[in-house]
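# Chains, contacts and geometry: an overview
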Amino acid sequence: MQSTVLALMAAEGSLDKLDGAVFADTGWEPPRVYDHLNKLGAVLNVAGVPLYRVSKGNLRADSLDPAHRYASVPYFVRNADGSEGMGRRQCTSEYKLAPINRKVRELLGAPAPDFRRVPKGNRAEQWIGFSTDEIGRVSDKDGVSYITKRYPLLELGMSRDDCERWLRSRGWTSVAKSACTGCPYHGNRQWRELRDHYPDEWADAVAFDEAIRKGGARGLPLNGEAFLHRSRVPLSIAPIDRVTRREWLDRQTDIFGQLSDLEEEGDPDGCSPYGCRSGVVA
């Protein structure tokens, strides 16, 4: 949502014109995300802003392919001794950050075919769509030397609710949340959304959950079992109908938010390359 606001603000001229926008495709996004991206790309194209789609491959297929290098996904693990743990999170860094940065290096003039070395003095200003309610996700790390980070929504003092209202005022009544269909960081609300409204995606996630019980297809199998749901039981029988404390908190909006947001109750979780709600990228 926030990234869409930044792109549209640049397209309409309320923010500086962008030289380009980059979307990292894991290959396992819901169809509505690609539909939204097509709609947004059409607006950017009219404004003269190219939308680049980059990808390292299909995360779902790669995770189950024993011949492919395995990028760890943060599955919920129940160890053989009954203790609990989680897998490392490498999927965001390898399937989102890495292809985005590669494209940035290319745009900055790094030579083909690897685009590794940016010519001295070339630097990109990269806009990241954190709103005021996400200020805790802003990192003090410098990142890479050829990118300077900027947070326009923080400069404008815009919250997530402000972004929703801004979009609605321009006819964008819904924005698809970008995240893999089988992301372990889905909340119960998002799992219910899949089960109740997108049965094909739900069946896909359930099948994937069953397939990762011993971890990735490559390397040593887990000395325990891996699951997509935090309850550490098969997704098909996980307690997703339970309303979590976080969901109750999300429902406690102020009166102005209630008046403008009556028609929508959305789960805020998604997978930003720069601030996945799981925390620090492994």
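Residues numbered from 1 in each chain as written. Predicted model: local features only at pLDDT ≥ 70, side-chain atom pairs only at ≥ 80, totals over all residues. Heavy atoms only, no water.

The chain carries the name Phosphoadenosine phosphosulfate reductase in an unreviewed UniProt entry, which gives Dactylosporangium roseum as its organism.

## Points about the packing of helix H1 (residues 2-12) against helix H2 (residues 31-46)
Definition in use: To obtain each axis, a line is fitted to C-alpha atoms, and for helices this fit is confined to the stretch in contact; angles are then taken between N-to-C directions over 0 to 180 degrees. Where helices and strands are cited, they refer to DSSP runs of H or I of at least four residues and of E of at least two residues respectively, numbered from the N terminus. Note that the term roughly parallel is reserved for angles under 35 degrees, roughly antiparallel for angles over 145, roughly perpendicular for angles of 65 to 115, and oblique for everything else. Rotating anticlockwise by less than a right angle from the far helix to the near helix defines a left-handed crossing, while the corresponding clockwise rotation defines a right-handed one. By the convention used here, residues are in contact when the closest approach between their heavy atoms is within 4.5 Å. Three classes are used: nonpolar for Ala, Val, Leu, Ile, Met, Phe, Trp, Tyr, Cys and Pro, charged for Asp, Glu, Lys and Arg, and polar for all others, with Gly counted as polar.
Closest axis-to-axis distance for the H1/H2 pair is 10 Å, and the angle between their directions is 20°. Judged on the interaxial angle alone, H2 and H1 are roughly parallel. In this structure, H1 crosses over H2, and the sense of that crossing is left-handed. Where H1 approaches H2, its residues Thr4, Ala7, Leu8 and Ala11 are matched on the opposing element by His36, Leu40, Val43 and Leu44. Class assignment for the residues of the contact of H1 with H2 results in six nonpolar, two polar and no charged.

## Regarding the packing of helix H7 (residues 188-197) against helix H8 (residues 199-211)
Closest axis-to-axis distance for the H7/H8 pair is 5 Å, and the angle between their directions is 120°. Relative to H8, the element H7 lies oblique. Crossing of H7 over H8 shows left-handed handedness. Of H8, the residues touching H7 (which contributes Trp191, Leu194, Arg195 and His197) are Pro199, Glu201, Trp202 and Ala205. Tallied by class, the residues present in the contact of H7 with H8 amount to five nonpolar, one polar and two charged.

## Digging into the environment of Arg102
Relative to the helices and strands, Arg102 is located in helix H4 (residues 91-107). For the pair Arg102 and Val54, spaced 48 residues apart in the sequence, the C-alpha separation amounts to 9.0 Å. If sequence neighbours within four positions are ignored, Arg102 has contacts with Pro113, Asp114 and Phe115.

## Some details on the state of the cysteines
We count it as follows: Cysteine sulfurs are considered disulfide-paired once they come within 2.5 Å of each other. Residue exposure (1.4 Å probe, protein chains only): buried if accessible area is under 20% of the type maximum, exposed if over 50%, otherwise partly exposed.
Within the structure shown, the criterion is met by zero disulfides. Its sulfur unpaired, Cys180 is 6.5 Å from the next cysteine sulfur, which belongs to Cys183. You can call Cys180 buried: its relative accessible area is 12%.

## Comments concerning the packing of aromatic side chains
So the rule is basically this: Two aromatic rings from Phe, Tyr or Trp, using only the six-membered ring of Trp, form a pair when their centres are within 6.5 Å; if the ring planes differ by under 30 degrees the pair is stacked, by over 60 it is edge-to-face, and anything between is tilted.
If you walk through the whole model with that rule in mind, you get five aromatic pairs. Between the aromatic rings of Phe130 and Tyr151, the centroid separation amounts to 5.8 Å while the plane-to-plane angle is 10°, which identifies the pairing as stacked. You can see Phe130 sitting in the loop between strand S5 (124-127) and strand S6 (147-150) and its partner Tyr151 sitting in the loop between S6 and helix H5 (152-156), a full 21 residues away along the chain. Accessibility classification places Phe130 together with Tyr151 in one group, the buried group.

## Section: the side chain of Ser159
The topology assignment puts Ser159 in the loop between H5 and helix H6 (160-168). Ser159 sits in the buried class, given a relative accessible area of 19%. The residues contacting Ser159, other than those within four sequence positions of it, are Ser131, Thr132 and Asp133.

## Some points on H6
Put simply, the rule reads: N or O atoms within 3.5 Å of each other form a polar contact, as long as, within protein, one can give a hydrogen and the other can take it, and as long as residues adjacent in sequence are counted only when both atoms are side-chain atoms.
Within the sequence span of H6, burial applies to Arg160, Cys163, Glu164, Trp166, Leu167 and Arg168. Where H6 begins, the capping side chain belongs to Ser159, and its oxygen is found 3.4 Å from the backbone nitrogen of Asp161.

## Details of the sheet that holds strand S4 (residues 84-86)
Strands in a sheet are paired, the pairing made by backbone hydrogen bonds, and the direction either parallel or antiparallel. For clarity, the threshold we go by: Strands are labelled as partners when DSSP assigns at least two bridges between them.
What the three strands build is an open sheet, ordered S4-S3-S7; its pairing is antiparallel. Across the chains shown, the open sheet's two edge strands, defined by having one partner strand only, are S4 and strand S7 (224-227). In this sheet, adjacent strand axes meet at a mean angle of 25° when their direction is disregarded. The pairing of strand S3 (residues 76-79) with S7 spans four bridges and is classified as antiparallel. Residue pairing in the sheet places Val77 in a bridge with Ala226 of S7.

## Focus on the pattern of salt bridges
Where we set the bar: Salt bridges are identified by distance alone: a Lys or Arg side-chain nitrogen within 4 Å of an Asp or Glu carboxyl oxygen.
Tallied over the full model, the rule gives 16 salt bridges. The partner of Arg170 in a salt bridge is Glu12, with the nearest N and O atoms 3.1 Å apart. Note that Arg170 is positioned in the loop between H6 and H7 and Glu12 in helix H1, a separation of 158 residues in sequence. Note on Arg170: relative accessible area 39%, which makes it partly exposed. We classify Glu12 as partly exposed; its relative accessible area is 44%. Between Asp162 and Arg165 there is a salt bridge; the shortest N-O distance is 3.5 Å. Of this pair, Asp162 and Arg165 both sit in helix H6, three residues apart, roughly one helical turn. Each of the salt bridges in this network shares a partner with another, and the network as a whole consists of Lys56, Arg69 and Glu94.

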